[in-house]
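Listed below, chain by chain, are the residues.
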Amino acid sequence: KLYCVSGHVEKPGVYEFACGVNLLEVIETAGGVWKGRSLKAVIPGGVSSKILRADECDVSKTFDSMKEAGTMLGSAGMIVLDETTCMVDALWNVLRFFRHESCGQCTPCREGIGWMEKIVGRIERGEGREGDLDTLLDIAAKMQGTTICAFSDAAAWPAESYTLKFRSEFEEHIAMKGCPMKIGVSGR
């Protein structure tokens, strides 16, 4: 099976492994996390797959093990994120992509993705409000399984997983009225 490895690795590229290879082995073959930094997260199967925190990445890349880990193998296109990655900005980037690519036929997809993108963008710009994260999760939950194709689900899954797995980072953005990594006061 071919695995595309991109993001914060020393040697991004396409690598061939037997199905079932450990996700961490794939990262190591790609030269490991770049610049001597630590692994923060991995998007294991394209941007529609639910994100894995670093402590969840010791898993084999099979359909069943990825499902057990709460994500999917998907396209096997991995994106490695290092410790300096702002997860709010990363999600905002993913949602901007999905908003642009939505055909707009189904209301949950057209309106839901746009709404989520506006909320996350507002949080990243330092204008987040109390209740934004619960609203974001509610929108994502209501988008799943409600449209003609799976595109709505594909946008809802990352929104849900980034928010749940990195909630404290989102809350920090709201409390500090901006990105701690850009403000420069974060201990990360």
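Above this note sits the structure.
All figures in this text were calculated on a predicted structure; none of them were measured in a lab.

S.K.: Even after reading the chapter, I still don't get the packing of helix α5 (residues 132–143) against helix α6 (residues 151–165), so can you show me in this structure?
M.R.: A pair of packed helices is captured by two measures, namely the crossing angle of their axes and the spacing between those axes. Between α5 and α6, the shortest axis-to-axis distance is 8 Å and the interhelical angle comes to 150°. It follows from the interaxial angle that α5 and α6 lie roughly antiparallel. Crossing angle aside, the handedness with which α5 passes α6 is left-handed. In contact with L133, L136, L137, A140 and M143 of α5, α6 contributes S152, D153, A155, A156, E160, T163 and L164. Across the contact of α5 with α6, the residue classes break down as eight nonpolar, two polar and two charged.

S.K.: Looking at this structure, how should I read the sheet that holds strand β3 (residues 39–43)?
M.R.: Through backbone hydrogen bonds, the strands of a sheet pair up, either in parallel or in antiparallel fashion. What the five strands build is an open sheet, ordered β2-β1-β5-β3-β4; its pairing is mixed. Two strands lie at the open edges of the sheet, namely β2 (13–16) and β4 (52–53), each paired on one side alone. Across four bridges, strand β1 (residues 2–7) lies against strand β5 (residues 77–82) in parallel orientation. The partner of S6 across the bridge, within β5, is I79.

S.K.: Would you mind showing me how to read the environment of S65 here?
M.R.: Locating S65 in the fold gives a position in helix α2 (residues 63–68). Using a relative accessible area of 12% as the deciding quantity, one classes S65 as buried. For the pair S65 and G20, spaced 45 residues apart in sequence, the C-alpha separation works out to 8.5 Å. With residues up to four places along the chain from it excluded, the contact list for S65 reads V59 and S60.

Conventions and cut-offs
- Residues numbered from 1 in each chain as written.
- Predicted model: local features only at pLDDT ≥ 70, side-chain atom pairs only at ≥ 80, totals over all residues.
- Heavy atoms only, no water.
- Axes fitted to C-alpha atoms, helices over the stretch in contact; angles between N-to-C directions.
- Helix = DSSP H or I, 4+ residues; strand = E, 2+ residues; numbered from the N terminus.
- Parallel < 35°, antiparallel > 145°, perpendicular 65-115°, else oblique.
- Left-handed = near helix turned anticlockwise from the far one by under 90°.
- Contact = heavy atoms within 4.5 Å.
- Nonpolar A, V, L, I, M, F, W, Y, C, P; charged D, E, K, R; others polar.
- Pairing = 2+ DSSP bridges.
- Buried < 20%, exposed > 50% of the residue type's maximum accessible area, 1.4 Å probe, protein only.

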